[in-house]
Amino acid sequence: MRDMEVTGNHFGAKEIKAKSFIRLTLTRRRWGVGSLTVRENSLRKEFAEEISELTFEQGEALVSFDVVSLFTNTPINQSLDIVKDRLHKDTSLKERTNLTPDNIIGLLNFILTTTYFQFNDQVYRQKFGAAMGSPVSPIVANLYMEDLEQTVLSTVPTAIKPRLWKRYVDDILAIVKEECVDQLKDHLNQADVTGSIKFTHEMEESNSIPFLDTRIIKHPDGKVKLVVQEESTHRPISQLFFTPPSS
C-alpha cells in the first residue's frame, strides 16, 4: 500500500461537521468552465435538445474519455492552491461565511490530509489523493479537473481540438476527428504537471456511445439522437451536483 500508512489516531464528529461546512461553502459558488461542462440544473430534455441540434461531419467520431481513479489520484497540494485562488477571487464569500480564505484552506487541508480507515483491526492513513466516500472529495476533485480542463482546451492544437466537449466530473463526451483521437488522448495525458491524472478512452460502437444514463446514437445522415437508459449503471445526468460559472 504505497499510499497508506499505519497509525493509531482517528477523528470523529468534529471532522464530519468540518466536512459538511466545507462542502456547503465550496458548492455555493459559481466557478468553473461554463458551457464546456454539463450544468448542475441541466435536465435530460435540455441536454437532449442540445445534442439533437448537432450534425456529424465526415470522419468525426463520438468518443468518451474517463479519468483513471480520479479521487485517489487528485493532487492535494495543487488542489488546495486552486481552491485558495478561487476563494480569494470570490466576491460573494463573505455572504456565506465569516471565515477568510486562509481559514477555509487550513480547515480543508486538515480534512484532506487526515483520512483514516480501519481494516483488520488496523488503522491506516491515506497519504495521497482524496478519500473515496468523503463529501468533500467530489468537490475538490472536480475543481482540480476544471483547472486541468482549461489548460487542456487552451493548449490543444487546432487540428485535433474536439468540436464538442462535455464533462461530468471524470466522464467526458467529445466529438473528435477519428484520426485525431489518439493524439488528443496523448495531449490529455501530458496536461497534468503532477503526472497523477491519466485518461482512458472508449470509441463509439455501432454508431452509438453511452454517456451517464443516456445513449447517444449517430444516424447515417449525421443527425444525433439521445436515448435515456433507465436501467443504466452510469450516473444519472439529472442528478449533477456541480455548478459551472456564468461566463
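Residues numbered from 1 in each chain as written. Predicted model: local features only at pLDDT ≥ 70, side-chain atom pairs only at ≥ 80, totals over all residues. Heavy atoms only, no water.

### Comments concerning the sheet that holds strand S9 (residues 214–218)
Hydrogen bonding along the main chain pairs the strands of a sheet, whether they run parallel or antiparallel.
Phase 1 of the analysis: Taken together, the 3 strands give an open sheet; going across it, the order is S8-S9-S10, and neighbouring strands pair in antiparallel fashion. Either end of the sheet is taken by a strand with one partner, and the two such strands are strand S8 (208–211) and strand S10 (224–228). Pairs of neighbouring strands in the sheet enclose a mean axial angle of 25°, with direction left out of account.
Phase 2 of the analysis: In this structure, S9 lies alongside S10, joined through 5 bridges in antiparallel fashion. If you follow Ile217 over to S10, its bridge partner there is Lys225. (Pairing = 2+ DSSP bridges. Helix = DSSP H or I, 4+ residues; strand = E, 2+ residues; numbered from the N terminus. Axes fitted to C-alpha atoms, helices over the stretch in contact; angles between N-to-C directions.)

### Quick word on the packing of helix H4 (residues 76–89) against helix H6 (residues 101–112)
Phase 1 of the analysis: Taken N-terminus to C-terminus, the directions of H4 and H6 make an angle of 155°; their axes are 10 Å apart at the nearest point. The orientation of H4 relative to H6 falls into the category roughly antiparallel. Between H4 and H6 lies a crossing whose hand is right-handed. Counting all contacts with H4, which are made through Ile76, Leu80, Val83, Lys84, Leu87 and His88, the residues of H6 involved are Pro101, Asp102, Ile104, Ile105, Leu108, Asn109 and Leu112. (Parallel < 35°, antiparallel > 145°, perpendicular 65-115°, else oblique. Left-handed = near helix turned anticlockwise from the far one by under 90°. Contact = heavy atoms within 4.5 Å.)

### Quick word on the pairing of strand S2 (residues 60–67)
Phase 1 of the analysis: Among the 8 residues that make up S2, 7 are buried, leaving the element largely enclosed by the rest of the structure.
Phase 2 of the analysis: Bridge count for S2 against strand S6 (residues 171–177) is 7 bridges, and the pairing is antiparallel. In the strand pairing of S6, Asp66 is matched with Asp171. (Buried < 20%, exposed > 50% of the residue type's maximum accessible area, 1.4 Å probe, protein only.)

### Re the nonpolar core
Phase 1 of the analysis: Formed by 42 residues in total, the largest nonpolar core has its most connected members in Ile51, Phe65, Leu70, Leu173, Ile197, Phe199 and Ile216.
Phase 2 of the analysis: In terms of residues, this core owes the most to one element, helix H7 (residues 137–155), which gives 6 residues.
Phase 3 of the analysis: Aside from chain neighbours lying at most four places away, what touches Leu173 is Phe47, Ile51, Leu62, Val63, Leu164, Trp165, Lys166, Ile209, Phe211 and Ile216.
Phase 4 of the analysis: One finds Leu26, Leu80, Val83 and Ile111 within the second-largest nonpolar core, a separate group that totals 18 residues. (Core = buried A, V, L, I, M, F, W, Y, C linked by side-chain atoms within 4.5 Å.)

### A look at the sheet that holds strand S5 (residues 164–168)
Phase 1 of the analysis: Read across the sheet, 4 strands follow the order S5-S6-S2-S7 without closing on themselves; strand pairing throughout is antiparallel. The open sheet is flanked by S5 and strand S7 (199–203), the only strands paired with a single partner. Going across the sheet, the axis of each strand differs from the next one's by a mean of 25°, ignoring polarity.
Phase 2 of the analysis: Across the face of the sheet, H7 comes into contact with S2, S5 and S7 while running at roughly 165° to S5.
Phase 3 of the analysis: Strands in contact with helix H8 (residues 181–191) are S2, S5, S6 and S7; relative to S7, the strand with the most contacts, it is inclined by about 160°.

### Observations concerning the confidence of the model for the protein chain
Phase 1 of the analysis: With 77% of its residues at a pLDDT of 70 or more, the protein chain shows a mean pLDDT of 81.
Phase 2 of the analysis: Averaged pLDDT values over the elements of the protein chain bottom out at 49 in strand S1 (residues 4–6) and peak at 98 in H8.
Phase 3 of the analysis: For the stretch residues 6–11, pLDDT sits under 50, and the model shows 12 contacts to residues farther than four places along the chain or on other chains. (pLDDT = per-residue confidence, 0-100.)

### A few points about the pattern of salt bridges
Phase 1 of the analysis: All told, the structure shown has 8 salt bridges when counted by the stated rule.
Phase 2 of the analysis: With its nearest N and O atoms 3.5 Å apart, the salt bridge here joins Lys84 to Asp102. With Lys84 in helix H4 and Asp102 in helix H6, this pair connects stretches of sequence that are 18 residues apart.
Phase 3 of the analysis: Given a relative accessible area of 33%, Lys84 falls into the partly exposed group. (Salt bridge = Lys/Arg side-chain N within 4 Å of Asp/Glu carboxyl O.)

### Examining the environment of Ser208
Phase 1 of the analysis: Examined against the element boundaries, Ser208 turns out to sit in strand S8.
Phase 2 of the analysis: Separated by 11 residues in the primary sequence, Ser208 and His219 have C-alpha atoms spaced 8.9 Å apart.
Phase 3 of the analysis: Here Ser208 is in contact with Arg215, Ile216 and Ile217, once residues within four sequence places are set aside.

### Some remarks on the packing of aromatic side chains
Phase 1 of the analysis: Counted by the stated rule, this structure contains 2 aromatic pairs.
Phase 2 of the analysis: A centroid spacing of 6.5 Å and a plane angle of 25° characterise the contact between Phe65 and Trp165, whose relative ring orientation is stacked. Of this pair, Phe65 sits in strand S2 while Trp165 sits in strand S5, and the two are 100 residues apart along the sequence.
Phase 3 of the analysis: With relative accessibility at 2%, the residue Phe65 sits in the buried group.
Phase 4 of the analysis: Ring centres of Phe117 and Tyr124 lie 5.6 Å apart, and the angle between their planes is 15°; this geometry places the pair in the stacked category.
Phase 5 of the analysis: Under the relative-accessibility criterion, Tyr124 is labelled buried at 15%.
Phase 6 of the analysis: One Lys or Arg, Lys218, reaches over the ring of Phe56 and ends 4.8 Å from the middle of that ring. (Phe/Tyr/Trp six-rings, centres within 6.5 Å; stacked < 30°, edge-to-face > 60°. Lys NZ or Arg CZ within 6 Å of the ring centre and 35° of its normal.)

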